[in-house]
Amino acid sequence: MSLPPAAHAVPPAVHPVDERRPVHRMLLFGVQHVLVMAATPISSVFLVSATLGLKPDLSVDLLSAAFVLSGIGSLLQSLGPRGFGAKLPFVMLPGGAPLVLFLSIAHQHGLPTATGAVILTGAFYFVVLPLFSWLLKFFPPLVIGTMIVIVGVNLVRVGALLITGQPGTPGFAAPRNLVLGLATIGLTVALYWLCTGVLRQLAVMLGLVAGTALAAAMGALHLPHLGAGGPLHAPQLMPFGSPRFDLLASLPLLVYSLASMAEATGQTVINGEAVGRQIDARRDAPRTIRGDAAVSVLGGFFGLPLMVTSGENIGIVRITGVRSRFVTVAAGLVLVAVGLLSPVTRLIGAVPAPVVGGSAMVVYGVIAVLGVQMLGRANLDDHTNAFTCAVALALGLLPILVPGVYTQLAPNVRILLESGVAVGAFTAVILNALFHHVRPKLFGRDDTDSPSAANPVHHPPAPVGH
């Protein structure tokens, strides 16, 4: 039988995540990603500066480095060259629990030791990664879904605090800030309801712009002098001097890195779910982790805390329906440009925190919903799975819902326990292993377990996708 001519061969369909859209549209969607996540590097640098009493020039330098390294990390994760990056629409950010650990080490041992700890931790990723790949069989959808729910709830709280400020501080929950934050959410919802097509996909960005315009009308927008300090600002290498490597001082960050790797695994799976790409956690999660490791090592030399792949943009992907990783490539390029262009950095920093918080709460809420959807595939009708999820959620949400619950404990122990994501992840992993791996070997499978349990003893987690 003769083969059909090549001219009649049907070209393979391009997956939406690999789709290249017109440049102007990718740039527009990329800017939306940047506007939603820009509060994280800004707040991280401001927290470092305020806590450690850094000079203004050094704060500007760190902010420039944070944007540039976030852009490089987003490019690496989205393009995935030579096994570095999962080739998914990811952005990378400083902040979260690694930032708290960075500040703790800096307080106790100095900034050179803190930057050395970041570099050591980045190298530690590469050392432990082969073993972690084997451990992925202990991270089924039950574990990852629980972790994503905790991440989403924690991020919603972060967004809410941008609106209200910290409890106990002057101006906490000021009426004007509440109005701006809630109005931004309402404007985003209204735009999503009224608009169609591309405008509906840009509802979060348009809502943020509308909230900023409302802030200007209320007198809450204060624009800095955009030309101050010149048009360009390159980040400074080793701003705190040569890094100092102290293994004992770095231990809290090294221990946390295991939880960070677990979180990166969850982010990879949930991102694959959001874009409809079949994910093999054993293959794709190490790529994400290698990207985190490489950028963290580089960031350490620029005085930054650990850089981590963020799930913040996954909510944008779900809201807009735009799954192309080249959108986050555009976002990465915009981030690098923002870091190098001093006026743009100042302009983004001028958006009032309550407006950013309102937009962020919408996006972060979507992340929590994604975790709930993943738990829906973990067979919670099985009482063992439901019990595992319940205990992990309770312990993981405790430090989020009751801040300061561990203040009476030793500092290093407190820092680790106050990371709800780390506690929830470790609890879910341990309970899942005890019930679905250890118990069946010791006693045989419990007859209360459903035959369709989501965590079979002898199988790694199944790839996730539509």
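Heads up: the structure comes first, above all this text.
Residues numbered from 1 in each chain as written. Predicted model: local features only at pLDDT ≥ 70, side-chain atom pairs only at ≥ 80, totals over all residues. Heavy atoms only, no water.

### Observations concerning the overall build of the chain
(1) Moving on: Across its full length, the chain carries 18 helices and 2 strands.
(2) Moving on: For the chain, the proportion of its 466 residues judged to be buried stands at 53%.
(3) Moving on: Residue pairs in contact within the chain that sit at least 24 positions apart in sequence constitute 83% of those at least 6 positions apart.
(4) Moving on: For the chain, the accessible area works out to roughly 19800 Å², and carbon and sulfur atoms hold 69% of it. (Helix = DSSP H or I, 4+ residues; strand = E, 2+ residues; numbered from the N terminus. Buried < 20%, exposed > 50% of the residue type's maximum accessible area, 1.4 Å probe, protein only. Contact = heavy atoms within 4.5 Å. Areas by Shrake-Rupley, 256 points an atom, 1.4 Å probe, with all protein chains shown as cover.)

### Things to note about the packing of helix α6 (residues 141-164) against helix α15 (residues 353-375)
(1) Moving on: Packing of α6 against α15 leaves a shortest axis separation of 7 Å and a crossing angle of 165°. Between α6 and α15, the angle falls in the class roughly antiparallel. The two elements α6 and α15 meet at a crossing, and its hand is left-handed.
(2) Moving on: Residue classes in the contact of α6 with α15 are distributed as 23 nonpolar, 8 polar and no charged. (Axes fitted to C-alpha atoms, helices over the stretch in contact; angles between N-to-C directions. Parallel < 35°, antiparallel > 145°, perpendicular 65-115°, else oblique. Left-handed = near helix turned anticlockwise from the far one by under 90°. Nonpolar A, V, L, I, M, F, W, Y, C, P; charged D, E, K, R; others polar.)

### Structural notes on a nonpolar patch on the surface
(1) Moving on: A surface patch of nonpolar side chains, amounting to about 670 Å² of accessible area, comprises Leu258, Phe426, Ile430, Leu434, Val438, Leu442 and Phe443.
(2) Moving on: For the nonpolar patch, the leading source of residues is helix α18 (residues 420-443), giving 6 residues.
(3) Moving on: According to the relative accessible area criterion, leucine 442 is exposed, its value standing at 61%. (Patch = residues over 30% accessible without salt bridge, like charges linked within 9 Å, V, L, I, M, F, W, Y side chains within 5 Å. Salt bridge = Lys/Arg side-chain N within 4 Å of Asp/Glu carboxyl O.)

### Quick look at the packing of helix α7 (residues 175-194) against α15
Between two packed helices, the angle of one axis relative to the other and the distance separating the axes together describe the packing.
(1) Moving on: With their axes 7 Å apart at the nearest point, α7 and α15 run at an angle of 40° to one another. One element, α7, and the other, α15, form an angle in the oblique class. Read as a crossing pair, α7 and α15 show a hand that is right-handed. Facing Asn177, Leu180, Gly181, Thr184 and Ile185 of α7, the residues of α15 in contact are Pro354, Val355, Gly358, Ser359, Met361 and Val362.
(2) Moving on: Per-class residue counts for the contact of α7 with α15 are 6 nonpolar, 5 polar and no charged.

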